[in-house]
Amino acid sequence: MTTQSTRRDFVRDLGLTAAALPFVGNLPSLARADTAGRKQRLVIVFTPNGIVPSTFWPDETGDQFALKETLQPLEPFQDRLLVLRGVSNRVRGDGDSHMRGMSCLLTGIELFPGNIQGGSHTPAGWASGISIDQEIKDFLQSRPETRTRFGGLEFGVVVPNRADPWTRMVYAGPNKPVAPIDDPYQMLAKMYGRVQDRESLTSILDAVQEDLRTVRAALSTEDRQLLAEHESFVRQLEKDLQTDSSSPARPQPPELEAGVKNANDNMPLLSRLQIDLLVNGLRTDMARVATLQYTNSVGQARMRWIGIEENHHELSHEPDSNTKAQEQLTKINRWFCDQLAYLVRRLQETPEPGGAGSLLDNTLVVWTNELGKGNSHTLDNIPFVLVGSAPGFRMGRSVRYPNVPHNRLLLALAHAFEHRLVTFGKPELCSDGVLADLA
């Protein structure tokens, strides 16, 4: 096999079915010669309702800083962190702060006029521009050397079954919201196909075993090992999706029926399944851009698994003087940070296929929120915590800015992928160019 062989040629020449492509399409020896080089990836993680500033932001700036309670799960990765304070959503216009906080978060541009009434006097519609993840995805898909099967994958965890500016942060263009897939069964079907229903899940692997036996003989030793690891991942995920409440190691409620329901109390298990799928999608080069959205703006999860019965959004409205509510909000955001730490750890422990280091060495993870603080609904000091690696970003630091537009950070993300945009979103908010002091 030569590096000049394309994936499609390889599948055709061996007489494989299209169902085998998700398993063999990632193998390094099947890549085109012009795909050699660093694979830069981007993952954006969203959690809602703001943070408790006193338990979130480091007091220090520079490379010597201590992590507060909320961010402590990331302590093993502190040398790979970039904590950005003072980056603000300066987009104004129609809609309330939750609406603009969510739908302008990655687009950096106003909402269209519309008839969706929020908590303000002015109703609004969808965002009037593309989101940065989709902009970068489209750029990578336009180049043969960076094109992948999907380009981008949009994951969700317990996102409400409705469509409005509070539930959508990803936009393919003006007035084109993209719904996250918050059901791991549906995401598995998208990535691999042949999934039936939850109660009678037909094994994807069983359907392609003959093809995989054929392809193994044509692979290098390294690629055979990679293929075996890929098969093992999919087999384990199939078992996890069919798990029941008898498994003591699973963080799920009692009396769980066969299959994992997309419900509030299953959020811990759904989070892990979605993160595992996301990491495998990057590892197999199905996509180099991904988003992971937990609930939605005005998210109303009840995190009973960490001892909190109250609604997250209602807690976020409590005044600072309510110390119990502040402690509970800190606990909620720390749980979200635990999920981020799990994602980062999975990236770090996953070797870069066909290259040196790990997936984390070639991935920038961005954790953000629609609000700076829930009870004030401020769009100032939006939390931006970056983990991993990307050109133009010097990690291991805490940086404080003087209320700069977040458009400039979105612009910097594009530049990390060699997409040299001059402006992104609202042009006036990019007048000072790419955000300084990142490198």
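Heads up: the structure comes first, above all this text.
Quantities reported herein were computed from a predicted structural model and do not represent experimental measurements. (Residues numbered from 1 in each chain as written. Predicted model: local features only at pLDDT ≥ 70, side-chain atom pairs only at ≥ 80, totals over all residues. Heavy atoms only, no water.)

1. Examining the pattern of salt bridges
Where we set the bar: Salt bridge, as used here, is a side-chain nitrogen of Lys or Arg placed within 4 Å of a carboxyl oxygen of Asp or Glu. For the purposes of this entry, the term helix denotes a DSSP run of H or I that reaches at least four residues, the term strand denotes a run of E that reaches at least two, and both are numbered from the N terminus. Working definition: with a 1.4 Å probe on protein chains only, accessible area under 20% of the residue-type maximum means buried, over 50% means exposed, and in between means partly exposed.
For the structure on display, the rule yields 17 salt bridges. Notably, a salt bridge pairs Asp361 with Arg80, separated by 2.9 Å at the nearest N-O pair. One end of the pair, Asp361, is in the loop between helix 10 (323-349) and strand 7 (363-368); the other, Arg80, is in the loop between strand 1 (41-46) and strand 2 (81-88), with 281 residues separating them in the sequence. Overall, the relative accessible area of 27% leaves Asp361 in the partly exposed class. Residue classification places Arg80 among the buried residues on the basis of a relative accessible area of 17%.

2. Comments concerning the packing of helix 8 (residues 267-283) against helix 10
How we decide: Axis definition: a line fit to C-alpha positions, over the contact stretch in the case of helices; interaxial angles, taken between N-to-C directions, run 0 to 180 degrees. When an angle is under 35 degrees it counts as roughly parallel; over 145 it counts as roughly antiparallel; between 65 and 115 it counts as roughly perpendicular; any other value is oblique. Crossing handedness is defined as follows: a turn of the near helix away from the far one that is anticlockwise and smaller than a right angle gives a left-handed crossing, while the clockwise case is right-handed. Contacts were defined at the residue level, with two residues in contact if any of their heavy atoms lie within 4.5 Å.
Running from N to C, helix 8 and helix 10 point in directions that differ by 30°, and their axes come no closer than 10 Å. With respect to helix 10, the axis of helix 8 lies roughly parallel. In the crossing of helix 8 with helix 10, the sense of the turn from one axis to the other is right-handed. Counting all contacts with helix 8, which are made through Met267, Pro268, Ser271, Arg272, Ile275, Asp276, Leu278, Val279 and Leu282, the residues of helix 10 involved are Trp335, Gln339, Tyr342, Leu343, Arg346 and Leu347.

3. Describing the sheet that holds strand 8 (residues 384-388)
This is how the line gets drawn: The criterion for strand pairing is that DSSP finds at least two bridges linking the strands in question.
Judged by pairing direction, the sheet is mixed, and its seven strands sit side by side in the order 3-6-1-7-8-2-9 without closing on themselves. The open sheet has two edge strands with one neighbour each: strand 3 (151-157) and strand 9 (397-405). For this sheet the average axis-to-axis angle between neighbouring strands, irrespective of direction, equals 15°. Against the sheet, helix 10 makes contact with strand 1, strand 6 (287-294), strand 7 and strand 8, and its axis sits at roughly 175° relative to strand 7, the strand it touches most.

4. What to know about the side chain of Asp96
The criterion, for reference: Charge assignment in this entry is limited to Lys and Arg as positive and Asp and Glu as negative, and neither His nor the chain termini are counted. Residues adjacent in sequence count toward polar contacts only when both atoms are side-chain atoms; beyond that, a polar contact is any pair of N or O atoms within 3.5 Å, and within protein one must be able to donate a hydrogen and the other to accept it.
With respect to the helices and strands, Asp96 occurs in the loop between strand 2 and helix 3 (97-103). Among buried charged residues, Asp96 stands out as having no salt bridge; its nearest opposite-charge side chain is Arg100, 6.7 Å away. For Asp96, the side chain forms a polar contact with the main-chain nitrogen of His98, separated by 3.1 Å. One polar contact links the side chain of Asp96 to the main-chain amide nitrogen of Met99, over a distance of 2.7 Å.

5. Section: the pairing of strand 7
Burial of strand 7 is extensive: six of the six residues sit out of reach of the surface. Residues Thr363, Val365 and Trp367 point to one face of strand 7 and Leu364, Val366 and Thr368 to the other, with burial holding for every one of them. Strand direction decides the pairing type here: strand 1 and strand 7, joined by six bridges, are parallel. Looking at the pairing, Val43 lines up with Val365 of strand 7. Here strand 7 pairs with strand 8 via five bridges, running antiparallel. Residue Thr368 lies in a different strand from strand 8, and its bridge partner there is Phe384.

6. Describing the packing of helix 5 (residues 184-192) against helix 8
What counts here: By the convention adopted, Pro, Cys, Tyr, Trp, Phe, Met, Ile, Leu, Val and Ala count as nonpolar, Lys, Arg, Asp and Glu as charged, and the other residues, Gly among them, as polar.
At a closest axis distance of 10 Å, the pairing of helix 5 and helix 8 adopts a crossing angle of 15°. Accordingly, the angle class assigned to the pair helix 5 and helix 8 is roughly parallel. Once helix 5 is placed against helix 8, the crossing between them reads as left-handed. Between helix 5, through Pro184, Met187, Leu188, Met191 and Tyr192, and helix 8, the contact on the second element is made entirely by Leu270, Leu273, Gln274, Leu277, Asn280 and Gly281. Each residue belonging to the contact of helix 5 with helix 8 can be placed in one class, and the counts come to eight nonpolar, three polar and no charged.

7. Comments concerning empty space enclosed by the protein
Gaps left between atoms are located by rolling a probe of water-molecule size over the structure's atoms. Put simply, the test is: In this analysis, the protein atoms alone were mapped onto a 1 Å grid. Cavities are point sets where a 1.4 Å probe fits without being able to get out; pockets are open sets with protein on both sides within 12 Å along at least five of seven lines; lining residues have an atom within 4 Å of a point. Grid points are joined across faces, edges and corners, and a volume is the space filled by probe spheres set on the points.
Summed over the entire model, instances satisfying the criterion amount to three cavities of 30 Å³ or more. Estimated volume of the largest cavity: approximately 70 Å³. In terms of lining, the largest cavity is formed by 13 residues, of which the most central are Ile51, Val52, Ser316, Leu329 and Gly374. Counting residues per element, the lining of the largest cavity draws most heavily on helix 10, at three residues. Residues that form the lining of the largest cavity fall into these classes: three nonpolar, seven polar and three charged. Looking at the second largest cavity, its volume works out to about 40 Å³. Lining the second largest cavity are Trp57, Pro58, Glu60, Thr61, Val83, Arg85, Ser398, Val399 and Arg400. For the lining of the second largest cavity, the elements supplying multiple residues, two or more each, are strand 2 and strand 9.

8. A look at unusual backbone geometry
Residues other than glycine seldom take positive phi values, yet Asn49 does so here, at roughly 75°. Summarising the element assignment, Asn49 is placed in the loop between strand 1 and strand 2. Given the relative accessible area of 1%, Asn49 is considered buried. Positive phi, close to 65°, is recorded for Val298, a residue that is not glycine. On the basis of relative accessibility, which here comes to 16%, the residue Val298 falls in the buried class.

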